[in-house]
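So you can see what is in the structure, the chains are spelled out below.
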Amino acid sequence: INSFISITADSLIQAYYGAASLSSSLVDAIKDIAEANSDVDSSEDKDAAAHFDSEQIQAGHNRLVDFKQMVINQIKLEKYDVARVLAGRMLHTLQDFYSHTNWVEMGRTVPYDVLGDKDGNPDNVAGESEDTCSNCVRGEENLFTSLLNRALYHYRCSDNILPEVNDAGKLTSGYYDGQLDIDGNVIEKTKGKCSHGGFLDSSSDIRATGGINKDSVVEIWSPHASLHSKAVTIATLASETILNDIRGEVGDDKKFSSFLNIALDKQQISSIAYVIDTTGSMYDDILEIHAALSSIRMEIETYIENLGPNAEVNLILVPFNDPGKDSNWDIVS
């Protein structure tokens, strides 16, 4: 994410708001979220649900539901620092779904809309005793030993998820050695299940050998490295969707902007101009316009309040009438 900070924060903020100085605070918010996201790999490395590992699909979904609601609650309470940390942890789990499960291998190109939805649940998950992967092959042997040998003599995996699993649209994910379920119990890989994979995952030596993760573009770490970019694309769309959902449920753009550290000194809103014929013969029409303007004004005032105390809106009223004729109609009171 740090590679794209200059695009998301500087370029977009300048293009939309026309104020380059605002981007630094947004960059800080992005860094807070990104650091919390990255920290999950070290602080919750054994929590299978935090990574959608070991077929903990339902538990991962439940975690997303919980974290999404916690982010919403903290934003509403204006505890933005806490909300950013929770958002980072939530996004890590969401993004891991696309890297650690077979969603991409099933040919899916859009996010799984059930994830994080408190009114939905994942369905069609592979059974506990159901085989999901076949063995991968290893490269040619070499003279090195220990970890170096394992790195250079790693598994080459291609189409190792069983066709009957993908064709039936059944969700599965890779097992990782030593991970725990939500009750703290060690999850043992059953023979025939997929592994997470990578040369640090010893479960990848248990049938089915190899793995299916798409965390990186390096095959030593990620047996399905060739699908990394596809997983990233879908995970990005899913991240945008869940953040937009949070924004909608917060229901206050001022608070959501503060969550992202977007505090504008001045917001230039497109000007609104009203051109009204005030000729005397237009009396009935003017009465209707007067009522409509009052309603519109109330909507604009509410919108401005949500933007913050420094928001600027230009309202322009241009009356006109037939040449040589005056009008006494009061259209702005």
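Description of helix H7 (residues 228-250)
Along its 23 residues, H7 runs 33 Å from first to last C-alpha, staying within 8% of the 33 Å computed at 1.5 Å per residue. Where the residues of H7 are buried, they touch helix H3 (57-76), helix H4 (80-100) and helix H8 (253-259). The positive-phi residue at the C-terminal boundary of H7 is Gly251, with phi of around 70°.

Regarding the packing of H3 against H4
For the pair H3 and H4, the least separation of the axes is 9 Å and the interaxial angle reads 160°. Judged on the interaxial angle alone, H4 and H3 are roughly antiparallel. Crossing angle aside, the handedness with which H3 passes H4 is left-handed. On H4, the residues touching Gly60, Arg63, Leu64, Phe67, Lys68, Met70, Val71, Gln74 and Ile75 of H3 are Tyr80, Val82, Ala83, Leu86, Ala87, Arg89, Met90, Thr93 and Leu94.

Quick notes on a nonpolar patch on the surface
A surface patch of nonpolar side chains, amounting to about 400 Å² of accessible area, comprises Leu200, Val217, Val218 and Trp221. Along the polypeptide, Val218 turns up in the loop between helix H6 (163-167) and H7.

Regarding the side chain of Glu55
Positionally, Glu55 belongs in the loop between helix H2 (23-43) and H3. For Glu55, a relative accessible area of 11% translates into the label buried. A polar contact is formed between the side chain of Glu55 and the side chain of Tyr175, at a distance of 2.9 Å. Once residues lying within four places of it in the same chain are set aside, the contact partners of Glu55 are Ala126, Gly127, Thr132, Thr172, Ser173, Tyr175 and Lys193.

Some thoughts on the state of the cysteines
This model, assessed by the stated rule, comprises two disulfides. Disulfide pairing is shown between Cys133 and Cys194; the S-S distance is 2.0 Å. In this structure the cystine formed by Cys133 and Cys194 twists about its S-S bond by roughly 90°; its chirality is therefore right-handed. Residue Cys133 is located in the loop between H4 and strand S1 (137-138), and its partner Cys194 is located in the loop between H6 and H7; the two are separated by 61 residues in the primary sequence.

Focus on unusual backbone geometry
Backbone geometry follows two general trends: most residues other than glycine have a negative phi, and most peptide bonds adopt the trans configuration. Note the cis peptide between Arg207 and Ala208, where omega equals 5°. The backbone phi angle of Phe52 is positive, close to 55°, even though this residue is not glycine. Tracing the chain through its elements places Phe52 in the loop between H2 and H3. Residue Glu55 is not a glycine yet carries a positive backbone phi of 60°.

Considerations on the nonpolar core
Among the nonpolar cores identified, the biggest contains 34 residues, and Ile75 and Tyr98 are the most heavily contacted of them. For this core, the elements supplying multiple residues, two or more each, are H3, H4, H7 and H8. The element contributing the most residues to this core is H4, with nine residues. With residues near it in sequence (within four places) discarded, Tyr98 still touches Trp103, Val104, Pro111, Tyr112, Leu115, Lys214, Ala231, Ile234, Ala235 and Ala238. Of all hydrophobic cores here, the second largest spans seven residues; its members include Cys133, Ile161, Cys194 and Ala208.

Things to note about the pattern of salt bridges
For the coordinates displayed, the defined rule picks out 13 salt bridges. We note a salt bridge from Glu249 to Lys68, for which the minimum N-O separation is 3.8 Å. In this pair, Glu249 sits in helix H7 while Lys68 sits in helix H3, placing the two residues 181 residues apart along the sequence. For Glu249, a relative accessible area of 34% gives the class partly exposed.

Examining the packing of aromatic side chains
One pass over the full model with this rule turns up seven aromatic pairs. On the basis of an interplanar angle of 55° and a centroid distance of 5.8 Å, the ring pair of Phe97 and Trp103 is categorised as tilted. A relative accessible area of 0% places Phe97 in the buried class. Take Trp103: its relative accessible area is 5%, and that puts it in the buried class. Ring geometry for Phe97 against Tyr112: centres 5.9 Å apart, planes inclined by 25°, an arrangement best described as stacked. Taken together, the positions of Phe97 in helix H4 and Tyr112 in the loop between H4 and S1 put the pair 15 residues apart, joining distant regions of the chain. Members of the aromatic cluster, joined through ring pairs, are Phe52, Phe97, Tyr98, Trp103 and Tyr112.

Observations concerning the environment of Tyr176
Within the element layout of this structure, Tyr176 appears in the loop between H6 and H7. Taking the C-alpha atoms as reference, Tyr176 lies 7.4 Å from Gly197; in sequence the two are 21 residues apart.

About the criteria used
- Residues numbered from 1 in each chain as written.
- Predicted model: local features only at pLDDT ≥ 70, side-chain atom pairs only at ≥ 80, totals over all residues.
- Heavy atoms only, no water.
- Helix = DSSP H or I, 4+ residues; strand = E, 2+ residues; numbered from the N terminus.
- Expected span 1.5 Å × (residues − 1).
- Contact = heavy atoms within 4.5 Å.
- Axes fitted to C-alpha atoms, helices over the stretch in contact; angles between N-to-C directions.
- Parallel < 35°, antiparallel > 145°, perpendicular 65-115°, else oblique.
- Left-handed = near helix turned anticlockwise from the far one by under 90°.
- Patch = residues over 30% accessible without salt bridge, like charges linked within 9 Å, V, L, I, M, F, W, Y side chains within 5 Å.
- Areas by Shrake-Rupley, 256 points an atom, 1.4 Å probe, with all protein chains shown as cover.
- Salt bridge = Lys/Arg side-chain N within 4 Å of Asp/Glu carboxyl O.
- Buried < 20%, exposed > 50% of the residue type's maximum accessible area, 1.4 Å probe, protein only.
- Polar contact = N/O pair within 3.5 Å; in protein donor to acceptor, adjacent residues only side chain to side chain.
- Disulfide = S-S within 2.5 Å.
- Core = buried A, V, L, I, M, F, W, Y, C linked by side-chain atoms within 4.5 Å.
- Phe/Tyr/Trp six-rings, centres within 6.5 Å; stacked < 30°, edge-to-face > 60°.

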